[in-house]
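Residues per chain, in single letters:
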Amino acid sequence: MRPGRQLAFLGAIFVILGAIVWFGGKGGWQDRLEPRLGLDLVGGTRVTLEATTRDGNPPSREDLEQARQIIEDRVNARGVAEAEVVTEGDRNIVISVASVAKDALSDVGQASKLYFRKVITLTDGSGPAAAPASPTPGATTSPAASPAATSTPSPKASGTGGGAAAEPSATPTPAPTTSASPGATGEATRRLTEAELKAKVGAAAWDAGKGLTAVPTDAAVIETLKPFGNLAARYEVTSLPPEMQYYIPQITCEKLDRRVPGAIDKADEKAVACQGQTKFFLDVAKVAGTDIDKATPQIEQNTGQRVVSLTFQGDGQTKWTELTREAYGNTGDPKCDQAALGDQGKCLVAAVLDNKIVSAPEIQGVLTSTSQISGNFDAKSAQDLADALNFGALAVTFGEAESKAVTATLGEEYLQAGLLAAGIGMALVIVYSFFYYRLLGSVIFLSLVLSGLLTFGMLVFLGREMGFTLTLAGIAGFIVSLGVAADSFVIYFERLKDEIREGRSPRSAVQRAWIRARKTILTANAISLMAAVILYLFSSGPVAGFAFALGLATALDLLVVFLFRYPIMALFARTPAFLSPRISGLGRVLREAKETN
Amino acid sequence: MANFGNIANRLYRGEANLNIVGKRRLWFSVAGGVVAVSILALIIFGFKAGIEFSGGNEFQVPVKVGSLSQVEQVVTDAVHAVQPDAKIQTGQQIGDGTGAVYSVRTPTLSDTETTQVHNAIAEKFGLDPNDVIGSRVSASWGEQVSNQALLSLAIFLVAVTAYLSVRFEWRMAVAAVASLVFNLIATAAVYSIVGFEVSPATVIGFLTILGFALYDVVVVFDKVQENTRGITGKSNETYAEATNLALNQTFMRSINTSLVALLPVGGLLFIGAGLLGAGTLKDLGLVLFIGMGMAVYSSLFFATPFLVWLKEMEPAIANHTKRVLARRAAPRVAADTPAQKSPVGAPALAGATPKTGAKPVQAKSGGAAKGAAKPGVRPARPGGKRR
């Protein structure tokens, strides 16, 4: 019953929100007070992704559409509001978003094909061991050269189930961006045949490379293989058989990482991939990202490291158990090379995302349940990997993204028109309420102003923190919420009239009417909130954006109703003016009440 | 005029004695007719899906040819030459500097139409046809988005039914949701008849109606619940009469809330259609205006009569109604005097005004001059007529 307390609380909210808005921003007052506007009102960035395929042909229509949906999900998952994702022509996907940081969308086109492959063997991938000319036989690359890849024993050793073995290694890049350098002149744009490759490197080198069965240590052999060092990464290296990619030291990790996206996306082929400067020769993929039911970023309890926890679906769990059994007992064919065993003498299994290895832990048990991928993740990269796995792999791979600025789809005049409409709407509501409720109209007026300020502050704040953007439809939504906010006043004031007509004094009527109207208002707002929450949880894209705005508007309405309207009415009821029929808008009702009493 | 003023006055006090519930059959036939026409309209006219739903074509012209509005005009003319009623979207400039282009999206064109438009644009600007880039763009609002939206709509309906069942009772929940569905169908039909293009903005407008439509119904049902609490224990009014009274008492409130809510949307529609002539604001304004208008109608004239119909199937209420009517038929003479002031001149239906009739005695003293309009001396409502 202390109206002052509620008003003070509301004041505190205003001060805090105001401070956040003002001090959270940078630049002049205009920049600090600017909400983020949507693509339709102020324009933004347009990112074009071009599909690349192993054979250079455009992808099928269905594949492209499926990729569009996955990319849309990924973009939305980054909290970028109201992105528009369309396919253009037969191989492009165009993402338009309200202005975002340039690199924010650079890796949405990442194929995100995850495979688990047993590590058959590994070697140093930084190039020929020494200067190719000088024979240094001692410099054989061996696992010893890259101990980081496999060493640290995991605290949760052996045993079945529970956490997967997991130690991060060297320098994993969990979210590899395909940063091909298409600048190189004369680079092939499609896969080459063996004959073409042979012509490129010369018969001698080709035959030498073809015949390798181990990483060469003989300087003369290395010298013969030198022409392979001139192969372009993108398609030429990709076209080499995996054995040659592995054995030829001139095929460095630096090159392997730059292979065309999707270079090793065939599950039934052996593959070569790198982690940092360690080159791994990998078995065929026995478990794929599609076997994963859910990927969740987590912080591992014992080590405090970030991991991505996986649960499998369907027969994925069986496949995973089989793979870990094979690795644990080293029973598969081919067997893991002695050099590629971990500290405990067990095989490694690499999680290969696109062309790179995320992590290659030693398998320390036959794993029958949830497993984890570890790596040097930070919060964002762990989340990105989880998102990529959850939203599925792209059937199509995309080259480097090209982003350009775009102007508004609707244009400045729509923004002005929207604001003008909001202004007119507000003015009409206020005129109506003064006409109908006279002095009480000022309560409505003040409440609307407060609601407007709160909404605006929240828009600025959320735009900054969550990337919430205001579109034209959003403005319309807030215009509607103006009316709905005023509605709750009508409900209350009419109740108030009822109470006064029944002979209560204004002061007790304010109380009683409040208790009754509160129930109605809460019910009605609960429905709106329910609609907002359900739409937000189960929808995506513009519908989810709308739901967010609806929820925000409803919550702010409730806040103003409870913290402003009720206390201000309680204060009003104490003042004599409230009882004056001429100005309170309760005039006739009051007069009648007096007559009847 | 005076007469009108009088009605407004009585409306204002909730004393207009409009017999809404009694004319249930009328409202149900109106609603049935509206639904039938709506479904027919939806089948015949369907929706004109915007480019966001159906995909289309995109033409890119280098910025050196002039301004964006010029390009829009040329593209519009070129497209209208092959598809006279096609709606061209507002264009955008992509990139800046030398490589910048204007991009304009059109509805889907066939291959020959595309070539025609392509050449027409190039010719108009004196460009080499290769400088104009034409491509097919897909829908941005995929089926997935629609399916998810429909799913969440279904979940919402279930959840709101559950909530209202707990907050009120299941019959009220059913009546409220039925009125919501009626609302949505009718709004969709009007939109389909008017033939505006469906854009993401209009879908969102449509969803906005969800919450609002129920808001109105909740306000009315809240009063109904209050008026009919423990009604079976009393024998002076039937459920239908008490409900009708609640409707009358909230009538002005409903009109007021609707007016207040419709005013800003009216502003939106006015600005959208009047100032800008076309586009998102107009579409959105129309959807909201119709939807919210329908919401007011259905909360008063559909949801409440529907609720009474449901309630009267409940044995307890049915028996109570019979009892009240039987009792009323017997002591006819015992009716009190104010009955003579009844505007309709109906036979006295004693005590049908439980709420405001709280102080009838005092009211008499000062009330002679004011007559029937006074609270307390309010005559019985002719609600009994309905049988």
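Residues numbered from 1 in each chain as written. Chains lettered and ligands numbered in written order. Predicted model: local features only at pLDDT ≥ 70, side-chain atom pairs only at ≥ 80, totals over all residues. Heavy atoms only, no water.

- Chain B has the name Protein-export membrane protein SecF in an unreviewed UniProt entry, where Rhizocola hellebori is given as its organism.
- As stated in UniProt under Function (unreviewed entry), the record for chain B gives "Part of the Sec protein translocase complex. Interacts with the SecYEG preprotein conducting channel. SecDF uses the proton motive force (PMF) to complete protein translocation after the ATP-dependent function of SecA."
- Its UniProt record, at the heading Subunit (unreviewed entry), says of chain B: "Forms a complex with SecD. Part of the essential Sec protein translocation apparatus which comprises SecA, SecYEG and auxiliary proteins SecDF. Other proteins may also be involved." (UniProt positions renumbered as here; feature names shortened; annotations may be inferred.)

- The name given to chain A in an unreviewed UniProt entry is Protein translocase subunit SecD, with the source organism recorded as Rhizocola hellebori.
- The heading Function (unreviewed entry) in the UniProt record of chain A holds the text "Part of the Sec protein translocase complex. Interacts with the SecYEG preprotein conducting channel. SecDF uses the proton motive force (PMF) to complete protein translocation after the ATP-dependent function of SecA."
- UniProt annotates chain A under Sequence similarities (unreviewed entry) with the comment "Belongs to the SecD/SecF family. SecD subfamily."

1. Remarks on the state of the cysteines
All names here are of chain A.
Then comes step 1: Across all of its chains, the model carries two disulfides over all chains by this definition.
Then comes step 2: Each sulfur of the disulfide joining Cys253 and Cys274 lies 2.1 Å from the other. A torsion of -85° about the S-S bond marks the disulfide between Cys253 and Cys274 as left-handed. Pair noted here: Cys253 is in helix 10 (residues 253-256) and Cys274 is in strand 5 (residues 271-275), with a separation of 21 residues, a long-range link.
Then comes step 3: A sulfur-sulfur distance of 1.9 Å marks the disulfide that ties Cys336 to Cys347. Given an S-S torsion of about 120°, the disulfide between Cys336 and Cys347 has right-handed geometry. Of this pair, Cys336 sits in the loop between helix 11 (316-329) and strand 9 (349-353) while Cys347 sits in the loop between helix 11 and strand 9, and the two are 11 residues apart along the sequence.
Then comes step 4: You can call Cys347 buried: its relative accessible area is 0%.
Then comes step 5: Disulfide connectivity for chain A, with bonded cysteines indexed by sequence position, reads 1-2, 3-4. (Disulfide = S-S within 2.5 Å. Helix = DSSP H or I, 4+ residues; strand = E, 2+ residues; numbered from the N terminus. Buried < 20%, exposed > 50% of the residue type's maximum accessible area, 1.4 Å probe, protein only.)

2. Remarks on the packing of helix 16 (residues 506-538) of chain A against helix 17 (residues 541-574) of chain A
Residues and elements named next belong to chain A.
Then comes step 1: Direction vectors running N to C along helix 16 and helix 17 enclose 170°, while the axes themselves pass 9 Å from each other. Taken together, the axes of helix 16 and helix 17 lie roughly antiparallel to each other.
Then comes step 2: Here the contact of helix 16 with helix 17 is built from residues that sort into 24 nonpolar, five polar and five charged. (Axes fitted to C-alpha atoms, helices over the stretch in contact; angles between N-to-C directions. Parallel < 35°, antiparallel > 145°, perpendicular 65-115°, else oblique. Nonpolar A, V, L, I, M, F, W, Y, C, P; charged D, E, K, R; others polar.)

3. Overview of the UniProt feature "transmembrane region" (unreviewed entry) in chain B
Residue and element names in this part refer to chain B.
Then comes step 1: Under the UniProt annotation, the feature "transmembrane region" (unreviewed entry) is placed at residues 26-47, 149-166, 173-194, 200-221, 259-278 and 284-310.
Then comes step 2: For residues 149-166, the end-to-end C-alpha separation is 26 Å, with 100% helix and 0% strand making up the annotated structure.
Then comes step 3: Secondary structure across residues 200-221 divides into 100% helix and 0% strand, with the first and last C-alpha atoms of the span separated by 33 Å.

4. Some words on the environment of A:Val215
Then comes step 1: When you line up the elements, A:Val215 lands in the loop between helix 6 (203-211) and helix 7 (219-224).
Then comes step 2: For the pair formed by A:Val215 and A:Thr123, sequence separation is 92 residues and the distance between their alpha carbons is 8.1 Å.

5. Some thoughts on the nonpolar core
The tendency in soluble globular proteins is for nonpolar side chains to be buried side by side.
Then comes step 1: Of all hydrophobic cores here, the largest spans 144 residues; its most connected members are A:Phe493, A:Leu496, A:Met569, B:Phe156 and B:Phe221.
Then comes step 2: At 18 residues, the largest contribution of residues to this core is made by helix 15 (residues 472-501) of chain A.
Then comes step 3: Leave out the neighbours within four places in its chain, and B:Phe221 touches B:Phe168, B:Met172, B:Ala175, B:Ala176, B:Ala303, B:Thr304 and B:Leu307. (Core = buried A, V, L, I, M, F, W, Y, C linked by side-chain atoms within 4.5 Å. Contact = heavy atoms within 4.5 Å.)

6. What about the packing of aromatic side chains?
All names here are of chain A.
Then comes step 1: What the rule picks out here adds up to 22 aromatic pairs over all chains.
Then comes step 2: Their ring planes at 75° and their centres at 5.3 Å tell us that Trp514 and Phe562 sit as a pair that is edge-to-face. Taken as a pair, Trp514 in helix 16 and Phe562 in helix 17 lie far apart in primary sequence, 48 residues in all.
Then comes step 3: What makes Trp514 buried here is its relative accessible area of 4%.
Then comes step 4: The class of Phe562 is partly exposed, set by a relative accessible area of 26%.
Then comes step 5: Grouping aromatic residues by their ring pairs yields a cluster made of Phe489, Tyr492, Phe493, Trp514, Phe562 and Tyr566.
Then comes step 6: One Lys or Arg, Lys346, reaches over the ring of Tyr328 and ends 4.6 Å from the middle of that ring. (Phe/Tyr/Trp six-rings, centres within 6.5 Å; stacked < 30°, edge-to-face > 60°. Lys NZ or Arg CZ within 6 Å of the ring centre and 35° of its normal.)

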